[in-house]
Amino acid sequence: MFVLLAAAAYEAALALEWISLGSKPGDEATGQGAVTIAAFLALLTGIVATVVSGRILRRWPATLVPVGAAAYMVAHYYAFDSYYLPHLRRFSESGGVSSVWVYGVVAAAVIVAFAIRRRPSVAPVLTPILLLICAGTVVAEGFGH
């Protein structure tokens, strides 16, 4: 959960141009690869942990997992695609994924978080599905080059 929130903060910093990007197509910002790998490992860990455990031990942290995944997905959506450098083109501008889809997934994440809060037994079913959707959306945001 904390890794996803940190990755979301990093992607938001990229989107706000607080972290400089490279100057040639394909160049990435400092730490971009490590953050992306960490975020996907966190998503995978969340999927495996909720499926294998069959339950969530604490409700409050469990509600933040879908929210953290959605925050990472949205922040990445507004970050810049290094493929188009030196021109700054956001993933949201490429048309690979529609904003309706992105915000639909955000709404689903909020619903899953509330569902987990009210009935923790739904976490092993809903959380892996949502995390997989978030991961797939982040990958799809890069389509359309």
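Rules used in this analysis
Residues numbered from 1 in each chain as written. Predicted model: local features only at pLDDT ≥ 70, side-chain atom pairs only at ≥ 80, totals over all residues. Heavy atoms only, no water. Phe/Tyr/Trp six-rings, centres within 6.5 Å; stacked < 30°, edge-to-face > 60°. Helix = DSSP H or I, 4+ residues; strand = E, 2+ residues; numbered from the N terminus. Buried < 20%, exposed > 50% of the residue type's maximum accessible area, 1.4 Å probe, protein only. Lys NZ or Arg CZ within 6 Å of the ring centre and 35° of its normal. Axes fitted to C-alpha atoms, helices over the stretch in contact; angles between N-to-C directions. Parallel < 35°, antiparallel > 145°, perpendicular 65-115°, else oblique. Left-handed = near helix turned anticlockwise from the far one by under 90°. Contact = heavy atoms within 4.5 Å. Nonpolar A, V, L, I, M, F, W, Y, C, P; charged D, E, K, R; others polar.

Asker: Can you help me understand the packing of aromatic side chains in this one?
Answerer: The description of two aromatic rings rests on the distance between their centres and on the angle between their planes. Using the criterion set out here, one finds 3 aromatic pairs in the structure. Each ring, one from F40 and one from Y72, has its centre 6.5 Å from the other, and the planes form 90 degrees; the classification is edge-to-face. With F40 in helix α2 (residues 32-53) and Y72 in helix α3 (residues 59-78), this residue pair connects regions lying 32 residues apart in the sequence. Under the relative-accessibility criterion, F40 is labelled partly exposed at 25%. Geometrically, the ring pair formed by Y83 and Y84 is edge-to-face, given 5.0 Å between the ring centres and 85 degrees between the ring planes. On the basis of relative accessible area, Y83 is assigned to the partly exposed category, the value being 47%. Above the ring of Y84, the side-chain terminus of R89 is found at 4.4 Å from the ring centroid.

Asker: Is there a simple way to think about unusual backbone geometry in this case?
Answerer: A negative phi holds for most residues other than glycine; trans holds for most peptide bonds. Residue P86 follows L85 across a cis peptide bond; omega there is 10 degrees. Note that P86 resides in the loop between α3 and α4 (91-94). The residue E17 is not glycine, and still its phi comes out positive at about 65 degrees. Note on placement: E17 falls in the loop between α1 (2-15) and α2.

Asker: Help me understand the packing of helix α5 (residues 99-118) against helix α6 (residues 123-141), please; the structure alone is not making it clear to me.
Answerer: When two helices pack together, their arrangement is captured by the angle between the axes and the distance separating the axes. Between α5 and α6, the shortest axis-to-axis distance is 10 Å and the interhelical angle comes to 160 degrees. Put simply, α5 runs roughly antiparallel to α6. As for how α5 packs across α6, the hand of that crossing is left-handed. Contacts between α5 and α6 involve W101, V102, V105, A108, A109, V112, A115 and I116 from the first element and A123, L126, T127, L130, I133, C134, T137 and E141 from the second. Of the residues assigned to the contact of α5 with α6, the class counts are 13 nonpolar, 2 polar and 1 charged.

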